[in-house]
Amino acid sequence: MKYADPFLAHRKAQEVAHAGALDIGLMSSLITVELNITELCNRKCVFCPRVDPAIYPNRNLNMEVSVAEKVARDLAEIGSSARISFSGFGESLLHKGFPTIIRTIRAILPNTAIETNTNGDKLTPEKIREMFDAGLTNLYVNLYDGPEQRAKFTAMFEAAGIESYKLRDHWVESFGLTLNNRSGVLNQPEIGVAPIESALQKPCYYPFYKMLVDWNGDVLFCSNDWGREIIVGNVLRQHLTEIWLSDALSKIRDRLAEGDRGHSPCNKCSVDGTLHGKSSFDRLNAARIAKASTTP
């Protein structure tokens, strides 16, 4: 199958690899733990809520190493193979302690995939080498300016001696990604992203396979919830298992499994939601149906 975003093929391969790892029951559905380690970004991209500072301003809020360490320890305790992804709502390389966070997680999870997205503006061969020496597995550079960036970053990775990277075409004329309105926070009709007239009537897999941990340890129900409308827990006060299998998340999954997006912020969200995570959706949905059939 050919996807609008070629990167989805890479994600599908990772999902297959995850499915072949150790089965730890319902927690095996957790494929990705995404960490939003900073609320800073040095760009204002047209397809990101940060394009309007009045809606999404820069804030100097950064994740403490202890938050990342707690996430890693919880995953290690249950034997999870979920990958750690530094993405979220900011530019991870602006976090001054980023290599320390990577190194801390790697020490606890020696076999876990650890990856980060970046706009590349702060990259140098030395920074690349530092992150991989700390334990990074994959680095994805989003090319926001144009195809001419490819030569620059290819040379940079060659100088660093690193091959575990991907360059993603994200410039305006290309948009080599699947755009959505970030749960209604983004309104840019000139690129085809605007509020939807009514809630989509289809399932969404996001809360079935991915956990978003915010800079302060809060867990958002979905990585597209840029308005932070639904917080389902906090990793500093709860174990990841408690949050992932909580009643709060289960109630949201119940509605989304039935294709019901009538609640906020899902009723404002234009994301397809079914491009990745089907195996996790099937596992948790089967458990939900089985539980309902035995409940008096």
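Residues numbered from 1 in each chain as written. Predicted model: local features only at pLDDT ≥ 70, side-chain atom pairs only at ≥ 80, totals over all residues. Heavy atoms only, no water.

> Explain the overall build of the protein chain to me, and be specific about the residues and the numbers.
In terms of helices and strands, the protein chain carries nine helices and eight strands. At 19 Å, the protein chain has a C-alpha radius of gyration in line with the 19 Å of a compact globule built from 296 residues. Viewed in the frame of its principal axes, the protein chain has a C-alpha envelope of about 65 × 45 × 40 Å. Of all 296 residues assigned to the protein chain, the portion counted as buried reaches 53%. Summarising the internal contacts of the protein chain: among those between residues at least 6 apart in sequence, 73% fall at separations of at least 24. (Helix = DSSP H or I, 4+ residues; strand = E, 2+ residues; numbered from the N terminus. Rg over C-alpha atoms; globule rule 2.2 N^0.38 Å. Buried < 20%, exposed > 50% of the residue type's maximum accessible area, 1.4 Å probe, protein only. Contact = heavy atoms within 4.5 Å.)

> So what's going on with the packing of helix 4 (residues 125-134) against helix 5 (residues 149-160)? Which residues, and what values?
One can describe the packing of helix 4 onto helix 5 by two numbers: an axis separation of 8 Å at closest approach and a directional angle of 55°. Judged by the inter-axis angle, helix 4 sits oblique to helix 5. Seen from above, helix 4 lies across helix 5 with right-handed handedness. Together, Pro-125, Ile-128 and Arg-129 of helix 4 and Met-156, Phe-157, Ala-159 and Ala-160 of helix 5 make up the contact between the two elements. Tallied by class, residues from the contact of helix 4 with helix 5 come to six nonpolar, no polar and one charged. (Axes fitted to C-alpha atoms, helices over the stretch in contact; angles between N-to-C directions. Parallel < 35°, antiparallel > 145°, perpendicular 65-115°, else oblique. Left-handed = near helix turned anticlockwise from the far one by under 90°. Nonpolar A, V, L, I, M, F, W, Y, C, P; charged D, E, K, R; others polar.)

> Kindly report on the pairing of strand 3 (residues 114-118), identifying the contributing residues and their values.
The side chains of a regular strand alternate between the sheet's two faces. Among the five residues in strand 3, five count as buried, and that is most of the element. Neither face of strand 3 is open: one carries Ile-114, Thr-116 and Thr-118, the other Glu-115 and Asn-117, and all of them are buried. Pairing of strand 2 (residues 83-86) with strand 3 involves three bridges; the strand directions are parallel. Bridge pairing in strand 3 places Phe-86 opposite Thr-116. Taken together, strand 2, helix 3 (residues 98-108) and strand 3 form a β-α-β motif whose crossover is right-handed. Where strand 3 meets strand 4 (residues 138-143), four bridges bridge the pair, whose relative direction is parallel. The residue bridging Thr-118 from the neighbouring strand is Val-141, located in strand 4. (Pairing = 2+ DSSP bridges. Right-handed = clockwise from strand over helix to strand, strands pointing away.)

> Requested: an account of the pairing of strand 5 (residues 165-169), with residues and values cited.
Sheet topology places strand 4 next to strand 5; five bridges connect them, and they run parallel. In the sheet register, Leu-143 faces strand 5, and the bridge partner there is Asp-169. In the classification by handedness, the crossover that spans strand 4, the intervening helix 5 and the parallel strand 5 is right-handed.

> Tell me what's going on with the packing of helix 3 against helix 4, and back it up with residues and numbers.
Look at helix 3 against helix 4: their axes get within 8 Å of each other, and the N-to-C directions meet at 25°. The orientation of helix 3 with respect to helix 4, classified from their angle, is roughly parallel. For the pair formed by helix 3 and helix 4, the contact residues are Phe-98, Pro-99, Ile-102, Arg-103 and Arg-106 on the first element and Glu-130, Met-131 and Ala-134 on the second. Residues belonging to the contact of helix 3 with helix 4 are distributed by class as follows: five nonpolar, no polar and three charged.

> Before we move on, can you summarise the nonpolar core with the specific residues and values?
With 64 residues, the main nonpolar core has Val-33, Leu-35, Phe-86, Ile-105, Leu-123 and Val-213 as its most contacted residues. Here Val-33 is in contact with Val-71, Leu-75, Ala-82, Arg-83, Ile-84, Ser-85, Met-211, Val-213 and Leu-240, once residues within four sequence places are set aside. If you look at the next biggest cluster of nonpolar residues, it comprises 13 residues, including Phe-47, Phe-89, Leu-186 and Leu-212. (Core = buried A, V, L, I, M, F, W, Y, C linked by side-chain atoms within 4.5 Å.)

> Tell me about the sheet that holds strand 8 (residues 231-234), and please be specific about residues and values.
Spatial ordering of the open sheet is given by 5-4-3-2-1-6-7-8, a layout of eight strands whose pairing is mixed. Bordering the open sheet on either side are strand 5 and strand 8, each of which pairs with just one other strand. Taken pair by pair, the neighbouring strands of this sheet meet at an average axis angle of 25°, ignoring direction. The strands touched by helix 5 are strand 4 and strand 5; relative to strand 5, the strand with the most contacts, the crossing angle is about 170°.

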